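This is what each chain is made of:
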Amino acid sequence: MKLSDIKNGNLSAEWAEKGYELPKFDIEAVKAKTHAEPTWVHFGAGNIFRAFPAAVLNDALNSGKYDRGVIVAESFDYEIIDKAYQPYDNLSLLVCLKSTGEIEKKVIASVTESLKADYSFGADWARLVEIFQNPSLQMISFTITEKGYGVAPADLERGLTPVLAMGKVTALLYERFKAGKLPLTVQSMDNCSHNGDKVKTAVHAYAAKWVEQGLVPAEFLAYVQDETKITFPWSMIDKITPRPDAKVQDMLAKDGFEDNYTIVTEKHTFTAPFVNAEETQYLCIEDHYTNGRPPLELGGVLYCDRETVDKIEKMKVCTCLNPLHTAMSIYGCMLDYTLISAEMADEDLRPFIQKIGYIEAMPVVVDPGVLNPYEFIGAVINRRLPNPFMPDAPQRIATDTSQKLAIRFGETIKAYQARGLDKSNLVLIPLVLAGYARYLKGIDDNGKAFEISPDPLLAELQAIVAPLEVKEGEQPIVSSRYSIVIAAAKRARQIIAGAESAVPDYKNKKPLSVAVEELMDGDVKILSSGEDADDEDDKPSIGGDVYDIALDVDDEDIFEDEMKEDSDEDSEDEDDEEKESESDEDMSSEEDDYE
């Protein structure tokens, strides 16, 4: 069984017997129609394209309600075209990996041409120019990662022959401009926030520079800025498409499917004649097109307005997926897990992320109206994360965590504050943040060192947590922040009454400060509800003793008196600092503006 069998018409009964779904449309007729009247060019020939956008179009073609395929163009790693597309006549096999352990196998035949998007490949570039000059073209799209939208000053100076993807796309848009200012939609499908704006910014930068250099007329810049001609819609995409997996290769080999090997290019792209991907997928696109569009809703794409796309993205990033991923990555690394799916079998970790999502984050979830947040998070917890076929590791997800915490957890905290909700209900989200401080120590739960994932702020953050100590053995149990207050107050009363302390020079320190120091050092232990005190008369002594959690008036008075005293001292310090800073006020404000 080979993909070439489909083109040659040598299909054996094995394909159906082994459960391979074959195209239901006339492949050659679709190729001919697409070549003459192309509607869609996609930039980025990687695995996500074949597993999702191309597969969606394949479903639309199978419905019999559409008759054009997609032309793929690769602007970075040209070996993908040479080794993963053209030897198989642009066919590929999609292997859908279900959390139940079942797999679905579908031949994707919606890609009709594969081109190398560079001037050095003369015939391919000429074909792209021809396509962009064709009035039938409706949309160009991208899965080139967020880095692919970058604009380098050196590339802007190369004129009309840039080497970066966005420069090449702008050059092709100039060809469409010269063909009669033809309309077109430029659609990012990459997993980054407000992705359409990233494409627009890049295209506008090249066009403006070329106008400045006198290489193109000012009308070209006006053309790409005119939303009746060129639009840059937002989208939200969500689907996990790992590298070709050895287990999948083995299953295909047992079926007799011979195109089951991995291809590694010189640029270290991992690809294959097949693509393995998870079953769950979402693609929501802002419906803002100037020349029509392929009917991708036939394959499950959701079209809506920009505000709704933004809400869907926030739901995913701030509540229903990304925060859960980050929480699992932090604790998974410390607990020596190497697979997210294995973590989901942990009797502590699974309830941990369920409660973060359903109990703490859900009260402030941004509901887009077109996707149910509860159903979305249910799919995450019950199908996506436990999927044994998804070889996703907490170590990979933990990369750049410092860059993710603010949006993934900070937005929930801010929403609680903005809505006047009780922030004391947030218990597990603070635990994630505390866990990150613990993670930065690079010591797992067995006391062994582990490799911390790359992070741009790693050195700075590790310096901050350097004073923290990771101790072995049982740690003090704290049921709530209030229990710390109660325990410290109770212990302060005992010190006033004459109890001894191991804190150096404790008699010359405030009793409350001594009590807090004892708690921090572990000299005094707070027992959880239901535990018995070690001492018969429940009187604490140094090392592992407990407090009755009843807080009486005297306990509160201790706090009020000492906090008032501290506040008075702080006020005096602040007055002095305010006087000293007055002369620096102008310079400080100038620095703030610069930052």
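Here we summarise the structure given alongside this text. None of the values given here were measured: they were computed from a predicted structure.

**Examining the sheet that holds strand β7 (residues 139–142)**
- Judged by pairing direction, the sheet is parallel, and its 6 strands sit side by side in the order β6-β3-β2-β7-β8-β9 without closing on themselves. Each of the sheet's edge strands pairs with one partner strand only, and the pair in question is β6 (111–116) and β9 (230–231).

**Here we look at the pattern of salt bridges**
- Tallied over the full model, the rule gives 31 salt bridges.
- Residue R68 pairs with E37 through a salt bridge whose shortest N-O separation is 3.3 Å. Here R68, found in the loop between α5 (53–62) and β3 (70–74), pairs with E37, found in the loop between α3 (27–36) and β2 (40–43); they are 31 residues apart in sequence, far enough to count as distant.
- With a shortest N-O distance of 3.0 Å, K414 and E411 are connected by a salt bridge. Of this pair, K414 and E411 are both found in helix α19 (residues 405–418), 3 residues apart, which corresponds to roughly one turn of the helix.
- Beyond isolated ion pairs, a larger network of salt bridges with shared partners links K33, E37, D67 and R68.

**Describing the nonpolar core**
- Ranked by size, the top nonpolar core spans 55 residues in total, and within it L57, Y85, L93, L252, F257 and L296 carry the most contacts.
- Considering each element in turn, this core owes the most residues, 6 residues, to α5.
- If sequence neighbours within four positions are ignored, L93 has contacts with Y20, K105, K106, V107, L252, F257, P273, F274 and V275.
- M236, M334, L385 and F450 belong to the second largest nonpolar core, which has 52 residues in total.

**Digging into α19**
- Given a rise of 1.5 Å per residue, 14 residues ought to cover 20 Å, and the 19 Å separating the end C-alpha atoms of α19 matches this to within 8%.
- When the local axis directions of α19 are compared, the greatest deviation, roughly 30 degrees, occurs at E411.
- Among the residues of α19, those classed as buried are L405, R408, F409, G410, T412, A415 and Y416.
- In this fold, the buried residues of α19 make contact with α13 (306–320), α14 (322–334), α16 (349–361) and α20 (428–439).
- Remark: G420 follows α19 within two positions and exhibits a positive phi of approximately 70 degrees.

**Observations regarding the sheet that holds strand β14 (residues 282–286)**
- Overall, mixed pairing links the 3 strands, which are arranged β10-β14-β15 in an open sheet. The open sheet terminates on both sides in strands that have one partner only, identified here as β10 (235–238) and β15 (302–304). Neighbour-to-neighbour, the strand axes of this sheet turn through a mean angle of 15 degrees, independent of strand direction.
- In this sheet, β14 lies alongside β10 in antiparallel orientation, the contact comprising 4 bridges. Bridging from a neighbouring strand, I237 pairs with L283 of β14.

The rules we used
- Residues numbered from 1 in each chain as written.
- Predicted model: local features only at pLDDT ≥ 70, side-chain atom pairs only at ≥ 80, totals over all residues.
- Heavy atoms only, no water.
- Pairing = 2+ DSSP bridges.
- Helix = DSSP H or I, 4+ residues; strand = E, 2+ residues; numbered from the N terminus.
- Salt bridge = Lys/Arg side-chain N within 4 Å of Asp/Glu carboxyl O.
- Core = buried A, V, L, I, M, F, W, Y, C linked by side-chain atoms within 4.5 Å.
- Buried < 20%, exposed > 50% of the residue type's maximum accessible area, 1.4 Å probe, protein only.
- Contact = heavy atoms within 4.5 Å.
- Expected span 1.5 Å × (residues − 1).
- Bend = angle between axes of the 7 residues up to and from the residue.
- Axes fitted to C-alpha atoms, helices over the stretch in contact; angles between N-to-C directions.

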